[in-house]
Amino acid sequence: MSQDITIKKGLSINIKGVAEKELKKIPLTKFYAHNLEDFHLLIPKLQVKVGDYVKRGQPLFYSKINEDIKFVSNVSGYVKDIVRGERRKILNIIVESDNKDFTQKNNIPPLSNLDSDTITTYLLSSGCWPFIKQRPFDIIANPNKVPKSIFVSCFDSAPLSVDYNFILKDRMDYFKYGLNILKKLVSGNLFLGLKSSQKNLATKLTDFNINFFSGPHPSGNVGVQIHHIDPINKNDVVWYLDPQHVITIARLFDQGTYDASRIIALAGPQVKKPRYYRCISGANISNLVLDNVKDGDNRFISGDIFSGDKIDKNGSLGFYHTSIIVIEEGNKQEFLGWMLPGFNKFSTSRTFFSWLSPNKKYTLDANMHGEERAYVMTGEYEK
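Residues numbered from 1 in each chain as written. Predicted model: local features only at pLDDT ≥ 70, side-chain atom pairs only at ≥ 80, totals over all residues. Heavy atoms only, no water.

Participant: Let's hear about the overall build of the protein: which residues, and what values?
Facilitator: Along the protein, the regular secondary structure elements total seven helices and 20 strands. Relative to the globule expectation of 21 Å for 383 residues, the C-alpha radius of gyration of the protein, 22 Å, shows essentially globular dimensions. Dimensions of the protein, computed from C-alpha atoms along their principal axes, come out at roughly 65 × 50 × 40 Å. Across the 383 residues of the protein, 51% fall into the buried class. Long-range contacts, defined as pairs at least 24 residues apart, comprise 68% of the intrachain contacts of the protein with a sequence gap of at least 6. Carbon and sulfur atoms form 49% of the exposed surface of the protein, whose accessible area is close to 20000 Å². Considering the protein, the positive charge centre built from 50 side chains and the negative charge centre built from 40 side chains are found 2 Å apart. (Helix = DSSP H or I, 4+ residues; strand = E, 2+ residues; numbered from the N terminus. Rg over C-alpha atoms; globule rule 2.2 N^0.38 Å. Buried < 20%, exposed > 50% of the residue type's maximum accessible area, 1.4 Å probe, protein only. Contact = heavy atoms within 4.5 Å. Areas by Shrake-Rupley, 256 points an atom, 1.4 Å probe, with all protein chains shown as cover. Lys, Arg positive; Asp, Glu negative; His and termini not counted. Charge placed at Lys NZ, Arg CZ, Asp CG, Glu CD.)

Written out as structure tokens, the structure reads:
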């Protein structure tokens, strides 16, 4: 039975540069990065070396903790570089695309003939298993432990994030097919979290357990939804996925291939024409931002503006990310800093006048208005 849940505590910030509902194609980039920092607590074991040729869907490395969890190439081409850090820690694997898109094929029987163990085996061997993450600890799901439930949040409440109504409207068949695959993996419930304004989307998903959320950010965060719908107790495990990763799994079982393509938003006040693009996970963003970013000292963020990763203009889209956000770095001094009043400044309190115009959009940057120092707010967390 669905629930209507209102989140009262939180903060939604209106920032300029929301992506227009327009999908554009960009030329394929040459290099694709597999950033191992995207995977918490992962200890990798390489299966390739520099100069090796790989097909799309061919394993590049696996987890030492569980050797069944494979991580595969997003494109066909040659392993250009293996970037290492301190103590030879593997940081990045760079694949140079040959633009031929040779693909490793998986022969998967019809879904009606598959049980949960067989589905898990195909997900592990194909490279799709890392899309499934678990709480607690926000790590790749343990395939040897059955979750109490699976969550899919169909909206992102963070500023400048993607609109899943737009992304899913032409891919609803794949989305529902992927959800039916996931239902076979869980002994409990599969929960979908929707905004209260997504009633039209809900009419297309009547076969699934839907809960509606309203209120400010972080109402779209899956952790908040888990807390309100199916809280985690001692020894419990809950799995969760992004809607586009559900579609990737559906394509695997429909076409037999690993497809790392996704729709992302290029957004932010420093973007000339914010809009949606179809690209491949790990793609270099240089083609994406070429001639479409305002001059200045800019910060490029892969992921949402609060929790994404800072990259440079030649950086790459993260494994789990669905947006590239560009804001000003803000490396400039301001007279009296944050103490100077103004009508174009945003404040969570009434320090400035933003509370008078709740719908006004702001141009925000990464300026800390001060030096780096310890983050100490005595009494704030208790309050």
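After that view, the rundown keeps rolling.
Participant: Report on empty space enclosed by the protein, specifying residues and quantitative values.
Facilitator: Under the definition given, this model contains two cavities of 30 Å³ or more. There is about 50 Å³ of room inside the largest cavity. Forming the boundary of the largest cavity are Ile26, Ile264, Cys279, Ala283, Asn284, Ile285, Leu288 and Leu317. Broken down by class, the residue content of the lining of the largest cavity amounts to seven nonpolar, one polar and no charged. The calculated volume of the second largest cavity comes to roughly 30 Å³. In terms of residue class, the lining of the second largest cavity is built from one nonpolar, five polar and no charged. (1 Å grid on protein atoms, 1.4 Å probe; cavity = no way out; pocket = protein on both sides within 12 Å on 5 of 7 lines; lining within 4 Å. Points joined across faces, edges and corners; volume = space filled by probe spheres on them. Nonpolar A, V, L, I, M, F, W, Y, C, P; charged D, E, K, R; others polar.)

Participant: Mind laying out the sheet that holds strand S5 (residues 53–54), listing which residues take part and the relevant values?
Facilitator: Strand pairing in a sheet relies on backbone hydrogen bonds. The paired strands run either parallel or antiparallel. The strand order across the open sheet formed by four strands is S3-S9-S8-S5, and the pairing between neighbours is antiparallel. Of all strands in the sheet, those with a lone pairing partner are strand S3 (31–35) and S5, marking the two edges. Two elements, S5 and strand S8 (residues 77–84), share two bridges in a ladder whose sense is antiparallel. Bridge assignment links Tyr53 to a residue of S8, and that residue is Tyr78. (Pairing = 2+ DSSP bridges.)

Participant: How would you explain helix H3 (residues 172–183) if you had to name every residue and give the values?
Facilitator: Here H3 is 12 residues long and its end C-alpha atoms lie 16 Å apart, about the 16 Å a rise of 1.5 Å per residue gives. Turning to H3, its buried residues are Met172, Phe175, Gly178, Leu179, Ile181 and Leu182. (Expected span 1.5 Å × (residues − 1).)

Participant: Hey, could you go over the pairing of strand S16 (residues 261–267) for me, with residue numbers and the actual values?
Facilitator: Within S16, seven of the seven residues are buried, which leaves it mostly tucked inside the rest of the structure. Of the two faces of S16, both are covered, the one formed by Ser261, Ile263, Ala265 and Ala267 as well as the one formed by Arg262, Ile264 and Leu266. Relative to strand S17 (residues 275–280), S16 runs antiparallel, the two being bridged by six bridges. Counterpart to Arg262 in the pairing with S17 is Cys279. Looking at chain direction, S16 and strand S20 (residues 323–328) are connected through three bridges and run parallel. Opposite Ala265, over in S20, you have Ser323 as the bridge partner.

Participant: I'd love a proper account of unusual backbone geometry, names of residues and values included.
Facilitator: In terms of backbone geometry, most residues other than glycine have negative phi values and most peptide bonds are trans. That bond from Arg135 to Pro136 is cis: its omega, 5°, falls within 30 degrees of zero. Note that Pro136 resides in the loop between strand S10 (133–135) and strand S11 (139–140). Residue His217 is joined to Pro218 through a cis peptide bond whose omega torsion reads 20°. Locating Pro218 in the fold gives a position in the loop between strand S14 (209–214) and helix H5 (222–229). Of note, Asn99 is a non-glycine position whose phi angle comes to about 60°, a positive value. We note that Asp291 has phi near 60°; this positive angle belongs to a residue other than glycine. The residue Asp291 is located in the loop between helix H7 (286–289) and strand S18 (298–302) in this model.

Participant: Now, about the sheet that holds S18: what can you tell me, with residues and values included?
Facilitator: Reading across from one edge, S2-S17-S16-S20-S18-S19 is the order of the six strands in this open sheet, with mixed pairing throughout. For this open sheet the edge positions go to strand S2 (20–25) and strand S19 (309–311), each flanked by a neighbour on one side alone. On average, each strand axis in the sheet is tilted by 30° relative to the strand beside it, whichever way the strands run. (Axes fitted to C-alpha atoms, helices over the stretch in contact; angles between N-to-C directions.)

Participant: Report on the environment of Pro243, specifying residues and quantitative values.
Facilitator: Within the secondary structure, Pro243 sits in helix H6 (residues 243–255). Its relative accessible area of 1% is what places Pro243 among the buried residues. In this structure, the C-alpha to C-alpha distance between Pro243 and Ser349, residues 106 residues apart in sequence, is 35 Å. What Pro243 contacts, discounting residues up to four positions off in sequence, is Val152, Ser153, Cys154, Tyr164, Leu168 and Phe175.

Participant: Give a detailed account of the layout of surface pockets, specifying residues and quantitative values.
Facilitator: In this structure, the second largest pocket encloses a volume near 1100 Å³. Lining of the second largest pocket is provided by 38 residues; of these, Arg135, Asp156, Asn221, Asp304 and Ser307 occupy positions nearest its centre. Broken down by secondary-structure element, the contributors of at least two residues to the lining of the second largest pocket are S10, H5, strand S15 (238–241) and H6.

Participant: How would you sum up the pattern of salt bridges? Please name residues and give values.
Facilitator: Two side chains that carry opposite charge are able to pair once their charged atoms sit near each other. Under the counting rule described, the total for this entry stands at 13 salt bridges. Between Lys199 and Asp4 there is a salt bridge, with the nearest N and O atoms lying 4.0 Å from each other. A residue pair is termed long-range when its members are at least 10 positions apart, and Lys199 in helix H4 (residues 199–202) and Asp4 in strand S1 (residues 4–6) qualify at 195 residues. Between Lys49 and Asp52 there is a salt bridge; the shortest N-O distance is 3.4 Å. (Salt bridge = Lys/Arg side-chain N within 4 Å of Asp/Glu carboxyl O.)

Any functional reading would require information beyond the geometric quantities listed.
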